[in-house]
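Geometric and topological summary
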Amino acid sequence: MSNYKMAEANHRIIPTEDKIFGINQSAKKMAAEIGADKVVNATIGSLLDNDGNLVILSSVVEVLKSLTPNDYAEYAPITGTPDFIKAINRAAFGSYVPNAYTATVATPGGTGAIRNTIQNYSKRGDQVLTSDWYWAPYNTIAQDIERTIATFTLTDDKGKFNAVSFESKINELLSKQDGLVILLNTPAHNPTGYSLDLEDWNNVIRVTKNAVADGKKKLTLLVDVAYLDYAGDEEENRKFFPLLEGLPENILVVITYSLSKSYTMYGMRSGAMICMTGNKEIADEFKTVCSFSARGTWSNCNRAAMATLSHIYADNNLLSKVTKERQQYCKTLLQRGKSFQEAANEVSLNMVPFVAGFFVTVRCENAEAVGLELQKQGIFTVPVGKGLRVSIASIPEEKCKSLPPLISQAIKNVNG
Ligand code: PLP
């Protein structure tokens, strides 16, 4: 029996307030009371400049402003306009051309792509696997369609991808269900900043192939590349794609790509899900089932965002302008991460290995209490299970340098 007056819980546990939103509100309140310069708000999941303003790629804004009324007023096809599909494949894959059957369906951001993968490739009641540190909305999305999240341990004691934990969890879940959806967020994982290297990827492929080698079970490997364009060298970070070719037919790869960060179009809600498979019928089926789910949830997606990306990819000068502008910001972000890491090393903070991205995580006991201790000094972070998530995307480099000793002290104050 649910406690709702009118609503049905449908097996979901629904908090009354979003946790990050709540902490962000407290940070804003304190900034209004004592002055923004005395508050460090490291909760925000968007890239901010050193003055705390949202980074918006001006080259993208120019394209948006040049759109015609039809570009935003007209309905788009459910799967996306043909030009958008071509453009987003290039955006996701870069210069790599998959030697596999692919199919692409437009989605409202990466979120929609993740939702429709879980909906179509797992059964109600199934568990979906991701790492122990994960983006909280994975849980919301899974619960909302009556699935649950199971986790493996992301890194081993040497700080490498924990293939042993990954393998044992896959085997455990496949002994209970007919198939399994696995969510891997890389490169520049949220919340840790971990990126799988090629050796890690080879392990992922070895383990997944072994797990379904007898042909009796199915695996869907969702690669959430929401931070792909902020992970360092754009070509280098796409080198794992060829490893995903030639997998057996009972392993489906789904790449979920988002325009939120890469094109600073967070609010325009655009992205895509792209499958890779060696079997044309499986690719066709992907298009059919994912279009059906799109129709049954948000229908079609934002046409203006599709037109914007299509224009950018139709003009090499424009594309290079956008890429160069983004690269500048990416450099700033990487520098913030490096500064945080160096300062953290000096005070021996226990961080999950950071490579790139919007966030770093510090392991600690009693994370909620440590978070509150930091708030007393005007420092706002997000407690996430076994530690604190610090958004380096939202604070300037000098704060990235100054925070580690303060976090270290707060951990000592709370845990002794
Ligand atoms: N995946 C991860 C790990 C994210 O952090 C985000 C955004 O914060 C997304 C996917 C998708 O975001 P959107 O739905 O805005 O594309």
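The text that follows walks through the structure, step by step, so that each part is easy to find. (Residues numbered from 1 in each chain as written. Predicted model: local features only at pLDDT ≥ 70, side-chain atom pairs only at ≥ 80, totals over all residues. Heavy atoms only, no water.)

This paragraph deals with empty space enclosed by the protein. The tally for this structure, following the rule as stated, stands at 2 cavities of 30 Å³ or more. Every residue lining the largest cavity is counted, 14 residues in all, and those nearest its centre are Ser131, Leu154, Leu184, Asn185 and His189. For the lining of the largest cavity, the elements supplying multiple residues, two or more each, are β3 (127–131) and β5 (179–185). Broken down by element, the lining of the largest cavity gets its largest block of residues, 3 residues, from β5. Grouping the constituent residues of the lining of the largest cavity by class yields 10 nonpolar, 4 polar and no charged. Quantified by volume, the second largest cavity comes out at close to 40 Å³. Looking at the second largest cavity, the residues that line it are Ala100, Leu244, Glu245, Gly246, Leu247, Ile251, Val253, Met276, Thr277 and Gly278. Those elements that place two or more of their residues in the lining of the second largest cavity are β7 (251–258) and β8 (271–277). For the lining of the second largest cavity, the per-class residue count stands at 6 nonpolar, 3 polar and 1 charged. (1 Å grid on protein atoms, 1.4 Å probe; cavity = no way out; pocket = protein on both sides within 12 Å on 5 of 7 lines; lining within 4 Å. Points joined across faces, edges and corners; volume = space filled by probe spheres on them. Helix = DSSP H or I, 4+ residues; strand = E, 2+ residues; numbered from the N terminus. Nonpolar A, V, L, I, M, F, W, Y, C, P; charged D, E, K, R; others polar.)

Let us look at the site of the ligand. Taken together, 14 residues are adjacent to the ligand, and Gly110, Thr111, Asp224, Ser258 and Lys261 come closest. Contacts to the ligand include aspartate 224, whose side-chain N or O atom sits 2.5 Å from a nitrogen atom. Between the ligand and the protein, one listed contact pairs an oxygen atom with a side-chain N or O atom of arginine 269 at 2.7 Å. One can see that the ligand is located within the largest pocket. Listed by contribution, the elements that provide at least two residues to the shell around the ligand are α5 (109–121) and α9 (259–262). Per-element tally for the shell around the ligand: the top contributor is α5, with 4 residues. Taken together, the residues of the shell around the ligand sort by class into 4 nonpolar, 7 polar and 3 charged. (Near = heavy atom within 4 Å. Polar contact = N/O pair within 3.5 Å; in protein donor to acceptor, adjacent residues only side chain to side chain. Sits in = over half its atoms within 2 Å of the grid points.)

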